[in-house]
Amino acid sequence: MSDKKIPLAGVIGCPVAHSKSPQLQRHWLTTLGIAGHYVPMHVEPDDLEGVIRSLPKAGFVGANVTIPHKEAVMKIADKVTDRAKLMGAANTMIFRSDGSILADNTDGYGFIKNLQQGAPDWQPADGPAAVLGAGGACRAVVASLIESGIPEILLTNRTRERADQLQQEFGKRIRVVDWVQAGNIIEEAALVVNTTSLGMVGNPRLRVPLDGLKPEMVVTDLIYTPLKTDLLQTAEDVGCTVVDGLGMLLHQAVPGFERWFGQRPEVDTATRAAAIR
Ligand code: NAP
């Protein structure tokens, strides 16, 4: 019998039962023929450090981290990547062979890759991005758009202070606009991004005026339940290129999988189907 260790990974959250990561990662393990396993782990905040420290000893090579542990793991990790520090949160941990724990954030990477895949003609130089919202996920969007070279981000949020805070952190390429002006910034934009939770199943609708949408615009929503939000449906009716939020979820999982299991998975139609099964 072989004594080769079977690599293990998983997602740590509280709750975690809703996570799509296990079905996604298992799809990649199967299609790539990798003898590994990926499991959901419901871990209470008080147990987080003890559980994480024990995982490498049990054969785990890494883990994803979801709500409410994304900030706490940064204090437990031995090293935190610059991009995770910039986001103030980590979603991916790598347990290295020297016993140390690396915490990373791949949400910004996932956002840009999804945009490039869904709107291959979009270029950052096409013009400003109108970004709705200023919560946790918005940080990843803003950081990755700035890194991509976008000339300007027109940022609006119900609670203006959160948008002002992002402007202070990320600098002059961000122009903050009051939430009541959200319709006006859409008119000026080449790219429109909804990072609020408005329009998600169980949440209120996004009530921002959309009459400024034009066919040449790219419109994307971070929400993936439903896959086609009212924003995306309206934009599609106008003739815009629309990109749903599921691809971001899939692409953000790629770097972790590659580090843990040694092969880079594809984000294709079979991957999408596996994630929404
Ligand atoms: P969050 O930190 O709680 O931020 C929520 C955002 O929505 C804030 O900007 C908040 O504004 C705004 N908002 C909530 N209720 C509102 C209302 N009634 N009117 C106006 N604005 C409202 O959440 P998050 O982690 O950033 O997540 C935001 C969305 O992105 C969620 O739907 C989440 O599922 C999705 N997401 C998707 C991915 C992906 O991979 N596709 C990844 C991460 C997140 P205030 O600041 O004024 O409260």
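Remember, predicted model here, so these are calculated numbers, not experimental data.

## A word on the overall build of the protein
Along the protein, the regular secondary structure elements total 12 helices and 12 strands. In summary, the protein has a C-alpha radius of gyration of 19 Å against a globular reference of 19 Å for 277 residues, a match within 12%. The principal-axis extents of the C-alpha atoms in the protein amount to approximately 65 × 35 × 35 Å. Counting all 277 residues of the protein, 52% fall into the buried class. Pairs at least 24 residues apart make up 65% of the contacts formed inside the protein by residues separated by at least 6 positions. Roughly 13200 Å² of accessible area belongs to the protein as shown, and the carbon and sulfur atoms make up 51% of that amount. Side-chain charges of the protein comprise 28 positive and 31 negative groups, with the mean position of each set lying 5 Å from the other.

## A look at the domain arrangement of the protein
In many reports, interface size means the accessible area that the parts give up when they come together. Taken domain by domain, the protein consists of domain 1 (8-105) and domain 2 (108-247). Counting from both sides, the interface comprises five residues of domain 1 and, opposite them, seven residues of domain 2. When domain 1 packs against domain 2, the two sides together hide about 480 Å² of surface, and 68% of this comes from carbon and sulfur. Where domain 1 touches domain 2, the interface holds zero salt bridges. Joining domain 1 to domain 2, the criterion identifies two residue pairs in polar contact (both at pLDDT 80 or more).

## What about the environment of Val-73?
For Val-73, the position within the fold is in helix α3 (residues 72-76). Given a relative accessible area of 1%, Val-73 falls into the buried group. Note: C-alpha distance between Val-73 and Thr-92 (19 residues apart in sequence) is 9.4 Å. Discounting residues that sit within four places of it in the chain, Val-73 has contacts with Leu-48, Ile-52, Val-65, Ala-90 and Met-93.

## Focus on the packing of aromatic side chains
The geometry of two aromatic rings is summed up by the distance between their centres and the angle between their planes. Taken as a whole, this structure holds four aromatic pairs when the rule is applied. Here Trp-28 and Phe-257 contribute two aromatic rings whose centre-to-centre distance is 5.5 Å and whose plane-to-plane angle is 75 degrees, an arrangement assigned as edge-to-face. Residue Trp-28 is found in helix α1 (residues 21-31), and its partner Phe-257 is found in helix α11 (residues 254-261); the two are separated by 229 residues along the sequence. Residue Trp-28 shares its accessibility class with Phe-257, and that shared class is buried. Seen in terms of ring centroids, Phe-257 and Phe-261 are 4.9 Å apart; in terms of plane orientation they differ by 55 degrees. Their pairing is tilted. Taken as a pair, Phe-257 and Phe-261 lie in helix α11 at a separation of four residues, close to a single helical turn. Considered together, Phe-257 and Phe-261 belong to a single accessibility category, that of buried residues.

## A word on the site of the ligand
Surrounding the ligand, one finds 21 residues, the nearest of these being Ala-137, Asn-157, Thr-159, Arg-162 and Leu-222. Relative to its unbound accessible surface of 920 Å², the ligand loses 76% to contact with the protein. Mapped onto the shell around the ligand, the elements with two or more residues apiece are α6 (136-148) and α10 (246-252). Here the shell around the ligand is built from residues that sort into 10 nonpolar, nine polar and two charged.

## Quick look at the packing of helix α5 (residues 107-118) against α6
Helix-helix packing is described using two parameters, namely the angle between the two axes and the distance between the axes. Closest axis-to-axis distance for the α5/α6 pair is 8 Å, and the angle between their directions is 60 degrees. Judged by the twist between their axes, the crossing of α5 over α6 is right-handed. Here Asp-107, Gly-108, Phe-111 and Ile-112 of α5 lie close against α6, whose contacting residues are Ala-140, Val-141, Ser-144, Leu-145 and Ser-148. Tallied by class, residues from the contact of α5 with α6 come to five nonpolar, three polar and one charged.

The rules behind these values
- Residues numbered from 1 in each chain as written.
- Predicted model: local features only at pLDDT ≥ 70, side-chain atom pairs only at ≥ 80, totals over all residues.
- Heavy atoms only, no water.
- Helix = DSSP H or I, 4+ residues; strand = E, 2+ residues; numbered from the N terminus.
- Rg over C-alpha atoms; globule rule 2.2 N^0.38 Å.
- Buried < 20%, exposed > 50% of the residue type's maximum accessible area, 1.4 Å probe, protein only.
- Contact = heavy atoms within 4.5 Å.
- Areas by Shrake-Rupley, 256 points an atom, 1.4 Å probe, with all protein chains shown as cover.
- Lys, Arg positive; Asp, Glu negative; His and termini not counted.
- Charge placed at Lys NZ, Arg CZ, Asp CG, Glu CD.
- Domains from an automatic or database assignment.
- Buried area = accessible area lost by both parts, 1.4 Å probe.
- Salt bridge = Lys/Arg side-chain N within 4 Å of Asp/Glu carboxyl O.
- Polar contact = N/O pair within 3.5 Å; in protein donor to acceptor, adjacent residues only side chain to side chain.
- Phe/Tyr/Trp six-rings, centres within 6.5 Å; stacked < 30°, edge-to-face > 60°.
- Near = heavy atom within 4 Å.
- Nonpolar A, V, L, I, M, F, W, Y, C, P; charged D, E, K, R; others polar.
- Axes fitted to C-alpha atoms, helices over the stretch in contact; angles between N-to-C directions.
- Left-handed = near helix turned anticlockwise from the far one by under 90°.

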